[in-house]
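Examining the three-dimensional arrangement
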Amino acid sequence: MKVPFVDLQTQFQDIRSEVLPKMEEVMRNSSFILGEDVSRFEDEFAEFCGVDHCVGVGSGCDALMWALKATGIGPGDEVITVANTYIATVLAISAVGATPVLVDCLEDTYEVDPDAVSRVITDRTRAILPVHLYGHPAEMDSLLSIAKEHDLIVIEDAAQAHGAEYRGTRCGSMGLVGCFSFYPGKNLGAYGDGGAIVTNDGTIAEKIRQLRNYGQSRKYHHDVIGWNSRLDTLQAVVLRAKLTHLTEWNNARHHSAELYCRLLKDLPVVLPIEISDCRHVYHLFVIRHNRRDELMASLASQGVYCGIHYPIPIHLQSAYASLGYPKGSFPITERISDEILSLPMFPELQPGQVEYVCKCIREFVA
Ligand SMILES: *Cc1c(COP(=O)(O)O)cnc(C)c1O
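Presented here is a report on the structure given in the accompanying data block. What you see is a predicted model, and the numbers here were worked out from it, not measured in a lab.

Below, the discussion takes up the pairing of strand S5 (residues 153–157). Taken residue by residue, a regular strand's side chains alternate between the two faces of the sheet. With 5 of 5 residues buried, S5 is to be regarded as a mostly interior element. By the alternation rule, side chains of S5 split into Ile153, Ile155 and Asp157 and Val154 and Glu156, which are all buried. Sheet analysis places strand S4 (residues 125–128) next to S5, joined by 2 bridges and oriented parallel. Looking at the pairing, Ile128 lines up with Val154 of S5. For the crossover from S4 across helix H6 (residues 140–150) to S5, the handedness is right-handed. Note: S5 against strand S8 (residues 177–181), 3 bridges, orientation parallel. Along S8, the bridge assignment pairs Ile155 with Val177.

Here's what the structure looks like:
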């Protein structure tokens, strides 16, 4: 049996009759830039997230950058985020000229450690940028109260958490701005790059709406120095069709995760947890094992393809050597980076495939 890490082909076959005619319509009308499909998607995604505004942009990385820029963060400002994330989170901070300040993650959920955040606040700190990593919410109550106490902005990186919930509230809707990626493999993925910001703050939404489109309020009237970072109309068409399936797809991921947990629970592997009152959307199903590389190779030899998210923490990347965090700075992040393994996870994953993956793991650890 072969079990891919992610399977986008099966999903395309399931929705091709919904998506292709709509894409053809865009092409027939030559309405490629912004327009009705983008604004409809923005309304629909805002409603999905439980917020007032959504602005579609070019990518998740851009969404983070615009959120920081529109909230006035720039050179001289410090933004606290977690060492255990995808590099885009930190690149966005660098892109606006601010200084990334990294902290360690928690060992059980792998999310940012709120106590560690408290310890690195200085008088230059302007924002906290929690990441809802793997599709599990960060510890938002603590983070929001720390932010309130120190008068800091909270910008959520929800690129892996479309539909995830923290105490009944959707990820992305709790901070001042929430940022999403629609990279093809994300829970809500386009057929190319795309991203969005969501917020209840109308002023920030308008600012980003302007920034993403050359800083113009109307054609050829440029009020601010913007950039070209629009959500592509063809991608908006794909996203509108897919959004109607997102809850059902997230539920399917959840079912596969439950099956994995049931079949692996007696084995010497660390399983992901879902904190009570939270809804994990399992963008990734991450286990830990102390012979991770051997396990991964053994699975691959049996047709089971896994990933590692992420093998090198941010502070140990050459690009961020200048931040000056030596090896040993974030012990949990560093230790888990050698142990984490992302098992196959996508909505169309079949119970038989999960059983096969678990059988292969069982044989390896025996
Ligand atoms: C995917 C991702 C991003 C970046 O999104 P792009 O659309 O690829 O630019 C940012 N943060 C996290 C946590 C991600 O997983």
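Now, onward.
Turning next to empty space enclosed by the protein. Under the criterion given, the structure shown has 2 cavities of 30 Å³ or more. Computed from the structure, the largest cavity encloses a volume of approximately 90 Å³. Lining the largest cavity are 16 residues, and of these Leu8, Gln11, Lys186, Arg253 and Pro347 sit closest to its centre. Counting only elements with at least two residues in the lining of the largest cavity, the list comes to helix H1 (8–29) and helix H9 (246–264). A breakdown of the residues in the lining of the largest cavity according to their chemical character gives 7 nonpolar, 4 polar and 5 charged. Estimated volume of the second largest cavity: approximately 60 Å³.

All right, on to the site of the ligand then. Residues in contact with the ligand amount to 16 residues; listed here are only the nearest, Gly60, Asp157, Gln160, Ser181 and Lys186. Here an oxygen atom of the ligand and a backbone polar atom of Gly60 are 2.8 Å apart. Between the ligand and Ser181, the relevant distance is 2.6 Å, taken from an oxygen atom to a side-chain nitrogen or oxygen of the residue. The pocket occupied by the ligand, as judged from atoms lying within 2 Å of grid points, is the largest pocket. Elements supplying a minimum of two residues to the shell around the ligand: helix H3 (60–70) and helix H4 (87–95). Among the elements that line the shell around the ligand, the one with the most residues is H3, at 3 residues.

Quick look at the packing of H3 against helix H7 (residues 202–211) now. Orientation of H3 relative to H7, taken along the N-to-C sense of each, is 120°, at an axis distance of 10 Å. Put simply, H3 runs oblique to H7. In terms of crossing hand, the pair formed by H3 and H7 is right-handed. Facing Trp66, Ala67 and Ala70 of H3, the residues of H7 in contact are Ile204, Lys207, Ile208 and Leu211. Of the residues in the contact of H3 with H7, the class split is 6 nonpolar, no polar and 1 charged.

What counts and what doesn't
Residues numbered from 1 in each chain as written. Predicted model: local features only at pLDDT ≥ 70, side-chain atom pairs only at ≥ 80, totals over all residues. Heavy atoms only, no water. Buried < 20%, exposed > 50% of the residue type's maximum accessible area, 1.4 Å probe, protein only. Helix = DSSP H or I, 4+ residues; strand = E, 2+ residues; numbered from the N terminus. Pairing = 2+ DSSP bridges. Right-handed = clockwise from strand over helix to strand, strands pointing away. 1 Å grid on protein atoms, 1.4 Å probe; cavity = no way out; pocket = protein on both sides within 12 Å on 5 of 7 lines; lining within 4 Å. Points joined across faces, edges and corners; volume = space filled by probe spheres on them. Nonpolar A, V, L, I, M, F, W, Y, C, P; charged D, E, K, R; others polar. Near = heavy atom within 4 Å. Polar contact = N/O pair within 3.5 Å; in protein donor to acceptor, adjacent residues only side chain to side chain. Sits in = over half its atoms within 2 Å of the grid points. Axes fitted to C-alpha atoms, helices over the stretch in contact; angles between N-to-C directions. Parallel < 35°, antiparallel > 145°, perpendicular 65-115°, else oblique. Left-handed = near helix turned anticlockwise from the far one by under 90°. Contact = heavy atoms within 4.5 Å.

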